[in-house]
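# Descriptive structure summary
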Amino acid sequence: MKANQFNHKSALGEAIVANKHLNHLEDTVISQGKAGATAAIQYLKGLYGLLKGSSEEAVKVSTKWDGAPAIVCGVNPDNNKFFVATKSAFAQNPKLCYTKRDIRNYYGEQPELGTKLLRCLTNLSKLGITNIIQGDYMFDNESLEVSDIEGEEYVIFTPNTITYAVPTNTELAQRIQAANIGIVFHTSYEGPSFASMKASYGVDVSAYKGATNVWVEDATYKNFSGTATMTKEETLNFKLTIKTVVDAYKRVPAKLFGAIETQKDFASIFEIYINSEVKQGKLGGTPQTMLDGFLQFYRARKQAEADKAKTERGKAPRLQDIDRTTQFIEQNKAGLMELLNFFNLLIKAKTFILSQLAQLKSIPTFIKTDNGYKVTEPEGFVAVDKIGNAVKLVDRLTFSKQNFTAQKSWSQD
């Protein structure tokens, strides 16, 4: 199974590979061990070639649109019927909606989500989709607004955190306003049965472009020549950055990656710790500060679990976890410090990549504040290697924090 994908059981009890989660580039060095660390370096090298304008790049990039909810749709190969769903299409008990009644049965208590799925069922079924594809719901004709931003009139839509704005005097704005819904598709699924399908990044939407009732886009990052090409100075700096990252990786003890894998919950709780830091507007810091912060976070989390246990027998495993992880960190402190230095350098390299990729934006993007709209970059990007593995490139202190803290009126389920 690819590192960025998860197996889910279908109603038939067979494994289906679904695009449900992508790791941040830097997180792979903790969650996926040595394989993740070497893959992260390969992503950087591939992106270096891509940004130089190489025609034989090893990595492709898609724009990460900030849509919601996720929409899965198409023809189920098991019964040749068209359906719509959220990511729950890949749950233990899939919620595939073939009819209005299905939507009502599954989402009667979630009227906003149910209404969006009904719009998808009504409109997407007319596109002639023959396989199964996944995308992000961007707007419908009730959520579109016309707004003045810094003296220019835009058609705007805010599906999640980011506001997308299209000048009203453009053909694109006319197409958007004429559509009932807008979807950006990014993943396709193939297989002889629903249960055996596998995901691949990229969707050919050319066949759907003629529809007037649906605004359809793909997520492919367009044309890296011109303004997205690095200058000589930027090329040199990025090359040196990659060398620094590689050197940092070489300083991480090889046995440490295997040692982390033997720890019951080190990697999973480290990811939770990083996300908790992002929520507070923090990411990175010195390796010593990060290691101390993680250990404090781990102890507090396990102590809270122990305090909830009603018996001493229930408390004991949590307290043992604290002792075990504390001992592991003390015994491997030097190596962990090198690993976290490597982690931080990957963030630095990613920040440079984002600054380059953000130079091209097909649609202006804003964040709505109390004082009006503030210009922002796209939510992020997805880097895909030649064999289909993928990671996300996101400014976590901007977009991940906002997504963690934003109130949503819909649910993915």
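The structure under discussion appears in the preceding block.
What counts and how
Per-chain numbering applies: the sequence of each chain, read as written, is numbered from 1 onward. Reporting in this predicted model follows two pLDDT cut-offs: at least 70 for local features of residues, and 80 or more for side-chain atom pairs to be given and counted; totals over whole chains, interfaces and linings ignore these cut-offs and use all residues. As a rule here, side-chain values come from all non-hydrogen atoms in the structure, and water together with hydrogens is ignored. If DSSP finds at least two bridges between two strands, the strands pair. Strands are runs of DSSP state E lasting at least 2 residues, helices are runs of H or I lasting at least 4, and numbering of each runs from the N terminus. Lines are fitted to the C-alpha atoms to define the axes, a helix being fitted only along its stretch in contact, and any angle between axes, read from their N-to-C directions, falls within 0 to 180 degrees. Accessible area is worked out with a 1.4 Å probe on protein chains only. A residue is then buried under 20% of its type maximum, exposed over 50%, and partly exposed in between. Polar contacts here mean pairs of N or O atoms no more than 3.5 Å apart (in protein, one a potential hydrogen donor and the other a potential acceptor; neighbouring residues in sequence count only if both atoms are side-chain atoms). By nonpolar core is meant a set of buried Ala, Val, Leu, Ile, Met, Phe, Trp, Tyr and Cys residues that side-chain atoms within 4.5 Å join together. For this analysis, residues touch if any pair of their heavy atoms sits within 4.5 Å. For this analysis, a salt bridge means a side-chain nitrogen from Lys or Arg found within 4 Å of a carboxyl oxygen belonging to Asp or Glu. Here a pair means two rings of Phe, Tyr or Trp (six-membered ring of Trp) with centres within 6.5 Å. Their orientation is stacked below 30 degrees between planes, edge-to-face above 60, and tilted elsewhere.

If you trace the five strands from one edge of the open sheet to the other, you get S7-S8-S9-S13-S14, paired in antiparallel fashion. Each of the sheet's edge strands pairs with one partner strand only, and the pair in question is strand S7 (145–149) and strand S14 (372–375). In this sheet, neighbouring strand axes are inclined to one another by 45° on average, regardless of whether the strands run parallel or antiparallel. The pairing of S7 with strand S8 (residues 152–157) spans five bridges and is antiparallel.

Checked against the element boundaries, Glu217 lands in strand S12 (residues 214–218). Its relative accessible area of 16% is what places Glu217 among the buried residues. Separated by 3.0 Å, the side chains of Glu217 and Lys209 make a polar contact.

Take the nonpolar core next. Formed by 56 residues in total, the largest nonpolar core has its most connected members in Phe270, Leu336, Leu339, Phe342 and Leu393. Counting residues per element, this core draws most heavily on helix H11 (residues 333–357), at 12 residues. Not counting residues within four places of it along the chain, the set of residues in contact with Phe270 comprises Ile30, Met290, Phe294, Leu340 and Phe343. Core analysis: the second largest hydrophobic core is formed by 24 residues, Ile71, Ile103, Ile183 and Phe185 among them.

On to the sheet that holds strand S3 (residues 59–64), then. If you trace the three strands from one edge of the open sheet to the other, you get S3-S15-S16, paired in antiparallel fashion. Lying at the two open borders of the sheet, with one neighbouring strand each, are S3 and strand S16 (390–394). The average undirected angle you get between the axes of adjacent strands in this sheet is 25°. Direction of pairing for S3 relative to strand S15 (residues 380–385): antiparallel, over a ladder of six bridges.

Summed over the entire model, instances satisfying the criterion amount to 17 salt bridges. The closest approach of N and O atoms between Glu26 and Arg396, which form a salt bridge, is 2.9 Å. You can see Glu26 sitting in the loop between strand S2 (15–18) and helix H1 (28–31) and its partner Arg396 sitting in helix H12 (residues 396–405), a full 370 residues away along the chain. One exposure class covers both Glu26 and Arg396, and it is buried. With a closest N to O distance of 3.0 Å, Asp247 and Lys243 form a salt bridge.

All right, on to the environment of Thr99 then. Relative to the helices and strands, Thr99 resides in the loop between strand S5 (81–85) and helix H3 (100–107). Exposure remark for Thr99: the relative accessible area of 36% places this residue in the partly exposed category. Once the C-alpha coordinates of Thr99 and Leu118 are considered, the two residues, 19 residues apart in sequence, prove to be 8.5 Å apart.

For the rest of this paragraph, the subject is the side chain of Asn131. By the secondary structure assignment, Asn131 is in the loop between helix H4 (111–124) and strand S6 (132–140). Of note is the side chain of Asn131, whose polar atom sits 3.3 Å from the side chain of Glu190. Sequence-distant contacts of Asn131, that is, excluding residues within four places in its chain, are made with Cys73, Gly74, Val75, Ser188, Tyr189, Glu190 and Tyr208.

All chains considered together, the criterion is met by 26 aromatic pairs. Seen from their ring centres, Trp65 and Trp215 are 6.2 Å apart, and the 65° between their planes marks the pair as edge-to-face. Separated by 150 residues along the polypeptide, Trp65 in the loop between S3 and strand S4 (70–76) and Trp215 in strand S12 bring together distant segments of the chain. The rings of Phe266, Phe270, Tyr273, Phe294, Phe297, Tyr298, Phe328 and Phe343 are connected pair by pair, giving a single aromatic cluster.

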